Amino acid sequence: GAVVSQHPSWVICKSGTSVKIECRSLDFQATTMFWYRQFPKQSLMLMATSNEGSKATYEQGVEKDKFLINHASLTLSTLTVTSAHPEDSSFYICSASLFSYEQYFGPGTRLTVT
Amino acid sequence: EDQVTQSPEALRLQEGESSSLNCSYTVSGLRGLFWYRQDPGKGPEFLFTLYSAGEEKEKERLKATLTKKESFLHITAPKPEDSATYLCAVLQNTGNQFYFGTGTSLTVIP
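Now for a quick tour of the structure. Computed from a prediction, not measured in an experiment: that's the story for all the values here. (Residues numbered from 1 in each chain as written. Chains lettered and ligands numbered in written order. Predicted model: local features only at pLDDT ≥ 70, side-chain atom pairs only at ≥ 80, totals over all residues. Heavy atoms only, no water.)

## Considerations on the overall build of chain A
In terms of helices and strands, chain A carries zero helices and eleven strands. In summary, chain A has a C-alpha radius of gyration of 13 Å against a globular reference of 13 Å for 114 residues, a match within 12%. The principal-axis extents of the C-alpha atoms in chain A amount to approximately 40 × 25 × 20 Å. Here chain A holds 114 residues, and the buried ones make up 52% of them. Taking as baseline every contact in chain A between residues at least 6 positions apart, the subset at least 24 positions apart corresponds to 54%. A total of about 5600 Å² of accessible surface is found on chain A, and carbon and sulfur atoms cover 53% of it. Of the side chains in chain A, 9 bear a positive and 9 a negative charge, and the two mean positions are spaced by 7 Å. (Helix = DSSP H or I, 4+ residues; strand = E, 2+ residues; numbered from the N terminus. Rg over C-alpha atoms; globule rule 2.2 N^0.38 Å. Buried < 20%, exposed > 50% of the residue type's maximum accessible area, 1.4 Å probe, protein only. Contact = heavy atoms within 4.5 Å. Areas by Shrake-Rupley, 256 points an atom, 1.4 Å probe, with all protein chains shown as cover. Lys, Arg positive; Asp, Glu negative; His and termini not counted. Charge placed at Lys NZ, Arg CZ, Asp CG, Glu CD.)

Listed below in structure tokens is the structure:
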């Protein structure tokens, strides 16, 4: 099956710093990549959708200047949490979509902001 | 408003005790319904895609079915390693956004 990786798997940072999370599709070229966040015992909340070479589409309520998404190639998308604060602590998950609409998820990144 | 509702929220089964998980949806124009398994601290793992009412898919002890209003994930003779949260998501004909349910947390007791 399609494999999606994320790096890092967990990160702890100080309030006010920025953190970059990478999402890679390892064995296929993804037409679209998605970024989600998930709070404990809750479902996935879509943050943004990105297509290679174009600007990401953000969901309502998600600050585009705070959550910067770059989709530089068909196998790599990055999410940068800028000026992170404790309320940004969460589990961030990316997914990559193949041509058949199926989404394959990465293992997630646990972000803790102190 | 489009909605995806999963029930029950949590389910405890004895090993070997078969049961079903439900995913009800009210989105207009279904392109596909997806089932995922999520273990704690990990990303969702793809299980099935169903595209039309009447469709069924099987994988080991799991069988997914679809009607015009809901999907069932049947678990036959579950084992402790089947313990996880099972998520369903729907994709509308318009756009490419998944709408996720809140999941069913399944615990299988040896």
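So, next bit.
## Focus: the nonpolar core
Among the nonpolar cores identified, the biggest contains 42 residues, and Tyr36, Phe67 and Leu111 of chain A together with Tyr36, Phe98 and Phe100 of chain B are the most heavily contacted of them. The greatest single-element share of this core, amounting to five residues, is contributed by strand E9 (residues 90-97) of chain A. Residues Leu33, Leu73, Val90 and Val108 of chain B belong to the second largest nonpolar core, which totals 23 residues. (Core = buried A, V, L, I, M, F, W, Y, C linked by side-chain atoms within 4.5 Å.)

## Observations regarding the sheet that holds strand E8 (residues 70-75) of chain B
Residues and elements named next belong to chain B. Taken in spatial order, the five strands make up an open sheet running E1-E3-E8-E7-E6, and their pairing is antiparallel. Whereas interior strands pair on both sides, the edge strands pair on one side only; in this sheet they are strand E1 (4-7) and strand E6 (56-59). Taking the axes of each pair of neighbouring strands and ignoring which way they run, one obtains an average angle of 15° across the sheet. Relative to strand E7 (residues 62-66), E6 is paired through four bridges, and the arrangement is antiparallel. The residue of E7 that forms the bridge with Glu58 is Lys63. (Pairing = 2+ DSSP bridges. Axes fitted to C-alpha atoms, helices over the stretch in contact; angles between N-to-C directions.)

## Focus: the interface of chain B and chain A
Contact with chain B, which involves 19 residues of that partner, is made by 20 residues of chain A. Summed over both partners, the interface of chain B with chain A comes to about 1500 Å²; 58% of that surface belongs to carbon and sulfur atoms. On inspection of chain B and its partner chain A, the count reaches zero salt bridges. At the junction of chain B with chain A, the criterion picks out five residue pairs in polar contact (both at pLDDT 80 or more). Looking at the side of chain B that touches chain A, the elements with two or more residues in it are strand E4 (30-38), strand E5 (45-50), strand E9 (84-92) and strand E10 (98-100) of chain B. Among the elements that make up the side of chain B that touches chain A, the one with the highest residue count is E4 of chain B (four residues). Here the side of chain B that touches chain A is composed, by residue class, of nine nonpolar, eight polar and two charged. (Buried area = accessible area lost by both parts, 1.4 Å probe. Salt bridge = Lys/Arg side-chain N within 4 Å of Asp/Glu carboxyl O. Polar contact = N/O pair within 3.5 Å; in protein donor to acceptor, adjacent residues only side chain to side chain. Nonpolar A, V, L, I, M, F, W, Y, C, P; charged D, E, K, R; others polar.)

## Digging into the sheet that holds strand E3 (residues 19-25) of chain A
All names here are of chain A. Spatially, E1-E3-E8-E7 is the arrangement adopted by the four strands of the open sheet, whose pairing is antiparallel. Each edge of the open sheet carries a strand with a single partner, namely strand E1 (4-7) and strand E7 (67-73). Within the sheet, the average angular offset between the axes of one strand and its neighbour, ignoring direction, is 15°. Relative to strand E8 (residues 76-81), E3 runs antiparallel, the two being bridged by six bridges. Residue pairing in the sheet places Arg24 in a bridge with Leu76 of E8.

## Overview of the state of the cysteines
Following the criterion strictly, the structure yields two disulfides over all chains and no others. Note on cysteine connectivity: Cys23 of chain A is disulfide-linked to Cys94 of chain A, with sulfurs 2.0 Å apart. Across the disulfide from Cys23 of chain A to Cys94 of chain A, rotation about the S-S bond amounts to roughly 80°, and the bridge is consequently right-handed. Of this pair, Cys23 of chain A sits in strand E3 while Cys94 of chain A sits in strand E9, and the two are 71 residues apart along the sequence. In terms of burial, Cys23 of chain A and Cys94 of chain A fall into one category: buried. Put simply, Cys23 of chain B and Cys88 of chain B are joined by a disulfide, and their sulfur atoms are 1.9 Å apart. Where Cys23 of chain B bonds to Cys88 of chain B through sulfur, the torsion about that S-S bond is close to 65°, and the disulfide is right-handed. Taken together, the residues span a long stretch of sequence, with Cys23 of chain B in strand E3 (residues 19-25) and Cys88 of chain B in strand E9 at a distance of 65 residues. Side by side, Cys23 of chain B and Cys88 of chain B carry an identical accessibility label, which is buried. (Disulfide = S-S within 2.5 Å.)

Geometric descriptors of this kind do not, in isolation, establish any biological role.
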